[in-house]
Amino acid sequence: DSWKEISYKALTPDGANAAFTINPQDGDGKVIFYNLKTNAQDSVKRAAEIALSFDSKYAIFKIKPQQNLVKELRRQKKKKEDLPKDSLGIYSFTNRKTQKVADVKSFKIPEKAGGWVAYQQDVKKEVKPVATSGDKKPENGYTLVLRKLSNDTETQFGYVKDYAFAKFGQGLLFSSAGNDSTMQAGVYWYDLQKEQLTTLHQGKAKYKYKGLSISEN
């Protein structure tokens, strides 16, 4: 069957590049990055959840595992944690190269600012101290990695459950279950201009922070 679908298409904010996906009815698809001035194009297989940075310099996306491989492993009744995980793709419209990061659970970029991406590593949940008798074991978070795209420097935060960028890229807000040693449970703000971490609220591991939001006023 040669039928294919274009399920995503978008232009970079500066209008210089187009990105679109081509997905077959069955099997793995791909994203194509096309320069409207030079007609140069590149592609990445199995790309999904594509986001274009506000400064038009990058495309950020997930790279899904091979569909046939996942189907075969599921037929073998492999556990979910034993299935191959998504990767993160970072494509530069400047040098036309793609960086890949294995085992990524989620990612976010600022809506109205460029230069940053944050992603959670989809690995075995970090081990926390055993809960005391009578306490419900708290849910663990995941390692959150904040990457500065201009030089690829990274800052990591442990046991993160939820996170969000400020709309205009002023900072990154996140909640952590903590580990009582390097980071306590609470809500944190990382200032992207100063590259400085501030504690907004400190709690206990059993605290649950839901629906983090940032006022832009």
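The structure this text deals with has already been given above.
Quick look at the structure, then. (Residues numbered from 1 in each chain as written. Predicted model: local features only at pLDDT ≥ 70, side-chain atom pairs only at ≥ 80, totals over all residues. Heavy atoms only, no water.)

Let's talk about the overall build of the chain
Across its full length, the chain holds one helix and 16 strands. When burial is assessed residue by residue, the chain has 42% of its 217 residues classed as buried. Within the chain, residue pairs in contact and separated by at least 24 positions form 41% of the contacts whose partners lie at least 6 positions apart. Only carbon and sulfur atoms are counted for the fraction: they give 46% of the accessible area of the chain, which is about 12,900 Å². (Helix = DSSP H or I, 4+ residues; strand = E, 2+ residues; numbered from the N terminus. Buried < 20%, exposed > 50% of the residue type's maximum accessible area, 1.4 Å probe, protein only. Contact = heavy atoms within 4.5 Å. Areas by Shrake-Rupley, 256 points an atom, 1.4 Å probe, with all protein chains shown as cover.)

As for the sheet that holds strand β14 (residues 171-176)
Read from one edge to the other, the open sheet built from seven strands follows the order β10-β11-β12-β13-β14-β15-β16, with strand pairing classed as antiparallel. If you trace the sheet from one side to the other, it starts and ends with β10 (104-108) and β16 (196-202), each paired once. Recorded for the sheet is a direction-independent mean angle of 35 degrees between the axes of neighbouring strands. Strand direction decides the pairing type here: strand β15 (residues 186-191) and β16, joined by six bridges, are antiparallel. Looking at the pairing, Gly186 lines up with Gln202 of β16. (Pairing = 2+ DSSP bridges. Axes fitted to C-alpha atoms, helices over the stretch in contact; angles between N-to-C directions.)

Here we look at the side chain of Asp191
If you trace the backbone, Asp191 turns up in strand β15. Within the buried set, Asp191 has no salt-bridge partner at all; the shortest N-O distance to an opposite charge, 4.9 Å, is to Lys194. In terms of polar contacts, Asp191 uses its side chain to reach the backbone amide nitrogen of Gln193, at 2.9 Å. (Lys, Arg positive; Asp, Glu negative; His and termini not counted. Salt bridge = Lys/Arg side-chain N within 4 Å of Asp/Glu carboxyl O. Polar contact = N/O pair within 3.5 Å; in protein donor to acceptor, adjacent residues only side chain to side chain.)

Some details on unusual backbone geometry
Although it is not a glycine, Glu49 adopts a positive phi angle of roughly 55 degrees. Looking at the secondary structure, you find Glu49 in strand β6 (residues 47-52). At Lys77, a residue that is not glycine, the phi angle is positive and equals roughly 60 degrees. Along the polypeptide, Lys77 turns up in the loop between α1 (67-75) and β8 (87-92). Taking relative accessible area as the criterion, Lys77 reaches 75% and is therefore assigned exposed.

Brief notes about the nonpolar core
Leu144, Leu146, Phe157, Leu172 and Phe174 are the most contacted members of the largest nonpolar core, which has 14 residues in total. Every element with two or more residues in this core is listed here: β11 (116-121), β12 (142-148), β13 (153-165), β14 and β15. Among the elements that take part in this core, β13 stands out by supplying four residues, more than any other. Not counting residues within four places of it along the chain, the set of residues in contact with Leu172 comprises Ala118, Leu144, Leu146, Tyr163, Ala164, Phe165, Tyr188, Trp189, Tyr190 and Leu192. Ranked by size, the runner-up nonpolar core spans 13 residues in total, among them Ala51, Leu88, Val101 and Val104. (Core = buried A, V, L, I, M, F, W, Y, C linked by side-chain atoms within 4.5 Å.)

A closer look at the sheet that holds strand β7 (residues 58-63)
On the basis of which strands lie adjacent, the open sheet formed by four strands has the order β6-β7-β8-β9 and antiparallel pairing. Two strands bound the open sheet, and with one partner strand each, they are β6 and β9 (98-101). Averaged over all pairs of adjacent strands, the angle between strand axes in this sheet comes to 20 degrees, irrespective of strand direction. Pairing of β8 with β9, which is carried by four bridges, proceeds in the antiparallel orientation. Residue pairing across strands places Ile90 opposite Gln99, the latter belonging to β9.

Structural notes on the pattern of salt bridges
When their charged atoms lie close together, side chains carrying opposite charge are able to pair. Scanning the entire structure with this criterion turns up nine salt bridges. Close ionic contact of Glu49 with Lys62 constitutes a salt bridge, the shortest N to O distance being 3.8 Å. Of this pair, Glu49 sits in strand β6 while Lys62 sits in strand β7, and the two are 13 residues apart along the sequence. Given a relative accessible area of 8%, Lys62 falls into the buried group.

That is the geometry; function is a separate question.
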